[in-house]
Amino acid sequence: NAFKETITDIPNATWASGGSLNAARTSIASGFGIQTSGIVSGGYQTASPNYTGATEEYDGSSFTEKNDLNSARASMGGVGATATAGLGLTESWDGTNWTEVNDLNSNRREVGGAGQVYTAALAIGGQGVSPTTTYRAFTELWDGTNWTEVNDLNSSGSEIGASGSTTSAIAAGGESPGGPRQNKVESWDGSSWTEITELNTARQSLSAAGPDNTSSLVFGSYPYPSGNQTELWNGTAWTELNDMSTARSSGGSSSMSVSAAFYAGGASSPPTVYYSITEEWTADLANKTITVS
């Protein structure tokens, strides 16, 4: 299913409390699905062992524990339209179990993930495992079986907020050699990246949701004093909207819609606090078009 939202105006856009995760954690996979059918998995927690493969499904009101990832890990990407089909780099979720599939060509962490179906995804940027300060501009395309290297980002970076599909995507913010927080944004047209209008607030470890490169919502980030800020992309400009109640970064979120989303878990400091809380985003689109194909 392809999901399309056409934005002319977003009145009454607010965050509200939702159901909490069963386990507080941060550096969660960048989630997938919609507000009423989404998955978050993996992450880092205070309990031993610190790295977890825990997977939880959100139904719009509460989280239910599901089968764990085969490999406990944190700071990874995730894509998918609903809680019944998704890709956590690189394990495939069928609604019940995770299955190990083919690896990325480039071993890295803190990768941004974009895609609407688990047979078509992008892995964007990240940091090389050794040394960890080697930032990547790599983009890889998943076809349901293999990863293929395609054109790189114009600027290397990790902890990027990514949304959209394999033919139309957004990569926003992140951390790069030029500084710890970036407001840069790039648009993907299916073959190459183009630099476009920057975010109003530089940020990293953020989440993003949206169907394509003309419609994206970014929220959550480091630094934490501004980690509650929300911005909407309408294809021309970024507009600041209502803030989350709790500033935090590295949470898990739904990825498909700019009008209905959730953001779960994450962390803030100092002092370091790991969260299980969830906030739900709801906005009335003045003009919404949904296309299913």
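The rules we used
Residues numbered from 1 in each chain as written. Predicted model: local features only at pLDDT ≥ 70, side-chain atom pairs only at ≥ 80, totals over all residues. Heavy atoms only, no water. Helix = DSSP H or I, 4+ residues; strand = E, 2+ residues; numbered from the N terminus. Contact = heavy atoms within 4.5 Å. Areas by Shrake-Rupley, 256 points an atom, 1.4 Å probe, with all protein chains shown as cover. Pairing = 2+ DSSP bridges. Axes fitted to C-alpha atoms, helices over the stretch in contact; angles between N-to-C directions. Buried < 20%, exposed > 50% of the residue type's maximum accessible area, 1.4 Å probe, protein only. Polar contact = N/O pair within 3.5 Å; in protein donor to acceptor, adjacent residues only side chain to side chain. Phe/Tyr/Trp six-rings, centres within 6.5 Å; stacked < 30°, edge-to-face > 60°. Core = buried A, V, L, I, M, F, W, Y, C linked by side-chain atoms within 4.5 Å.

Caption draft 1: Spatial organisation of the overall build of the protein. The helix and strand tally for the protein stands at zero helices and 28 strands. Taking all contacts inside the protein whose residues are at least 6 apart in sequence as the whole, residues at least 24 apart take part in 54%. Summed over its atoms, the accessible surface of the protein is roughly 11,200 Å², and 44% of this surface lies on carbon and sulfur atoms.

Caption draft 2: Unusual backbone geometry, seen in detail. The step from Y222 to P223 runs through a cis peptide bond, and the omega angle for that step is 10°. You can see P223 is positioned in the loop between β21 (215-219) and β22 (230-233). S269 connects to P270 through a cis peptide bond whose omega is -15°. Of note in the backbone geometry, E110 takes a positive phi value of approximately 55° without being a glycine. Note on placement: E110 falls in the loop between β10 (108-109) and β11 (112-117).

Caption draft 3: Up close: the sheet that holds strand β4 (residues 55-58). Sheet architecture is open: four strands sit in the order β2-β3-β4-β5, paired in antiparallel fashion. Each edge of the sheet is formed by a strand with only one pairing partner; in this case those strands are β2 (32-34) and β5 (63-66). This sheet shows a mean twist of 25° between the axes of neighbouring strands, independent of strand direction. Strand direction decides the pairing type here: strand β3 (residues 37-41) and β4, joined by four bridges, are antiparallel. Bridging across to β4, G38 finds its partner in Y58.

Caption draft 4: Molecular detail of the pairing of strand β25 (residues 260-264). The element β25 is largely enclosed, with a buried count of four among its five residues. Sheet topology note: the strand β24 (residues 252-253)/β25 ladder contains two bridges and is antiparallel. If you follow G252 over to β25, its bridge partner there is A264. Between β24 and β25, which follow one another and run antiparallel, lie six residues. Where β25 meets strand β28 (residues 278-282), five bridges bridge the pair, whose relative direction is antiparallel. Bridged to A260 within β28 is T282.

Caption draft 5: Examining the side chain of Q45 more closely. The residue Q45 is located in the loop between β3 and β4 in this model. Residue class for Q45 comes out buried when judged on its relative accessible area of 13%. A polar side-chain atom of Q45 sits 3.0 Å from the main-chain carbonyl oxygen of P49. Setting aside chain neighbours within four positions, we find Q45 in contact with A23, A24, R25, N50, T52 and Y274.

Caption draft 6: Examining the sheet that holds strand β12 (residues 120-124) more closely. On the basis of which strands lie adjacent, the open sheet formed by four strands has the order β11-β12-β14-β15 and antiparallel pairing. Pairing within the sheet leaves two strands with one partner each, and these edge strands are β11 and β15 (147-150). The average undirected angle you get between the axes of adjacent strands in this sheet is 20°. Examined bridge by bridge, strand β14 (residues 139-142) and β15 share four bridges and lie antiparallel to one another. By the bridge assignment, E140 is partnered in β15 with E149.

Caption draft 7: Examining the packing of aromatic side chains more closely. Enumeration over the complete set of coordinates arrives at 13 aromatic pairs. An angle of 75° between the planes, with centres 5.0 Å apart, marks the rings of Y44 and Y51 as edge-to-face. By relative accessible area, Y44 is classed as partly exposed at 26%. The exposure class of Y51 is partly exposed, given its relative accessible area of 48%. Arranged with centres 5.3 Å apart and planes meeting at 35°, the rings of W233 and W238 form a pair that is tilted. In this structure, W233 and W238 share a single accessibility class: buried.

Caption draft 8: Local environment of the nonpolar core. Residues W15, L217, F219, L232, L241, Y263 and W281 are the most contacted members of the largest nonpolar core, which totals 13 residues. Elements represented by at least two residues in this core include exactly β21 and β25. Non-local contacts of W281, meaning those with residues more than four positions away in its chain, are made with A13, T14, W15, Q35, L217, T230, L241, N242, V258, S259, A260 and A261. By size, the runner-up hydrophobic cluster in this structure holds 11 residues, among which are A114, I124, I160 and W193.

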